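# Examining the three-dimensional arrangement
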Amino acid sequence: MNSTLINTSNGSPACHDQQSSYEPTSIHSALINEIYDIPMIEISRPLLSILDEDKVRSLMETIQSVDSDQIPPIDVLWYEAPNSGNNYFFSMGGCHRWEAHKRLNLPTIRAKLIRTTLKDLEVYFGSSLSNLA
């Protein structure tokens with residue numbers, strides 16, 4: 001899997017303005033200001049989501065009626081395989097935002113990329129981690 005982030009006109013990854021100080025954030029991404037549009041198809045969600053349907057429907061309505069900058073980004077673990085340069089993206093949280101984007105057939109989702117290591121991924125996934133080359 002050799003992923004590419006959506007590019008802006010200047011050739012750099014599509015990056016939104018820095019987050020507003022009032023925007024909710026997680027402990028993992030609190031110090032990360034860059035927000036990217038990541039192709040939904042490139043993100044693996046290895047954990048089963050338990051969804052509140054009312055929350056998903058509400059988010060779908062919100063996504064359709066406001067600028068995307070108003071929707072908090074999800075956290076995405078990003079691993080770049082050193083030998084191949086392949087990018088792997090994993091998301092464990094943001095399940096309601098993810099599902100709302102999926103049901104709306106949106107091609108991308110706003111995300112904060114959290115660079116991770118193979119060792120960290122092995123802690124998360126154990127023996128179920130596939131070979132990331």
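Residues numbered from 1 in each chain as written. Predicted model: local features only at pLDDT ≥ 70, side-chain atom pairs only at ≥ 80, totals over all residues. Heavy atoms only, no water.

Attention now goes to helix α1 (residues 53-65). Over its 13 residues, α1 extends 19 Å from the first C-alpha to the last, a length consistent with the 18 Å expected when each residue adds 1.5 Å. Among the residues making up α1, those that are buried are Val-56, Leu-59, Met-60 and Ile-63. An end-on view of α1 places all buried positions within 105° of arc, on one side of the element. Of the exposed residues in α1, those oriented more than 90 degrees away from the buried face are Asp-54, Glu-61 and Ser-65. Looking at the packing, one finds that the buried side of α1 touches α2 (95-103). You can read the cap of α1 off the contacts: a side-chain oxygen lies 3.0 Å from the backbone nitrogen of Asp-54, and it is on Asp-52. (Helix = DSSP H or I, 4+ residues; strand = E, 2+ residues; numbered from the N terminus. Expected span 1.5 Å × (residues − 1). Buried < 20%, exposed > 50% of the residue type's maximum accessible area, 1.4 Å probe, protein only. Arc of directions from axis to C-beta. Contact = heavy atoms within 4.5 Å. Polar contact = N/O pair within 3.5 Å; in protein donor to acceptor, adjacent residues only side chain to side chain.)

With the rule as written, the count across this model stands at five salt bridges. Measuring nitrogen to oxygen at the nearest pair gives 4.0 Å for the salt bridge that ties Arg-57 to Glu-53. Taken as a pair, Arg-57 and Glu-53 lie in helix α1 at a separation of four residues, close to a single helical turn. For Arg-57, a relative accessible area of 42% puts it in the partly exposed group. A salt bridge links Arg-103 to Glu-99, with the shortest nitrogen-to-oxygen separation between them at 2.9 Å. Here Arg-103 pairs with Glu-99, and both are found in helix α2, just four residues apart, close to one helical turn. Owing to a relative accessible area of 14%, Glu-99 belongs among the buried residues under this scheme. Each of the salt bridges in this network shares a partner with another, and the network as a whole consists of Glu-53, Asp-54, Arg-57, Glu-99 and Arg-103. (Salt bridge = Lys/Arg side-chain N within 4 Å of Asp/Glu carboxyl O.)

Time to look at the UniProt feature "binding site: ATP" (unreviewed entry) in the chain. When the UniProt feature table is mapped to this numbering, "binding site: ATP" (unreviewed entry) covers Gly-94, Cys-95, His-96 and Arg-97. A relative accessible area of 18% means that Gly-94 is categorised as buried. Considering the arrangement of structural elements, one finds His-96 in helix α2. Among the residues examined, His-96 registers a relative accessible area of 13% and is labelled buried. Apart from residues no more than four positions distant in its own chain, His-96 is found in contact with Ile-50, Leu-51, Asp-52, Lys-55, Val-56 and Leu-59. There is a polar contact of 3.0 Å between the side chain of His-96 and the backbone nitrogen of Asp-52. (UniProt positions renumbered as here; feature names shortened; annotations may be inferred.)

What follows concerns the packing of aromatic side chains. Under the criterion given, the structure shown has four aromatic pairs. Relative to Phe-89, the ring of Trp-78 has its centre 6.4 Å away and its plane inclined at 15°; by these criteria the two rings are stacked. You can see Trp-78 sitting in strand β4 (residues 74-80) and its partner Phe-89 sitting in strand β5 (residues 87-90), a full eleven residues away along the chain. Overall, Trp-78 belongs to the buried group, its relative accessible area being 18%. The exposure class assigned to Phe-89 is buried, which follows from its relative accessible area of 3%. (Phe/Tyr/Trp six-rings, centres within 6.5 Å; stacked < 30°, edge-to-face > 60°.)

Moving on: the confidence of the model for the chain. The pLDDT averaged across the chain works out to 81; a share of 77% of its residues lies at or above 70. In this model residues 6-22 is a low-confidence stretch, pLDDT under 50, and it forms 36 contacts with partners more than four residues away in sequence or in other chains. (pLDDT = per-residue confidence, 0-100.)

Formed by Tyr-36, Ile-38, Met-40, Ile-43, Ile-74, Val-76, Trp-78, Phe-89, Trp-98, Ile-109, Ala-111 and Leu-113, the largest nonpolar core amounts to twelve residues. At the level of elements, β2 (35-39), β4 and β6 (108-115) are the ones that each hand at least two residues to this core. Membership of the second largest hydrophobic core comes to eleven residues, among which are Leu-77, Ile-114, Phe-125 and Leu-132. (Core = buried A, V, L, I, M, F, W, Y, C linked by side-chain atoms within 4.5 Å.)

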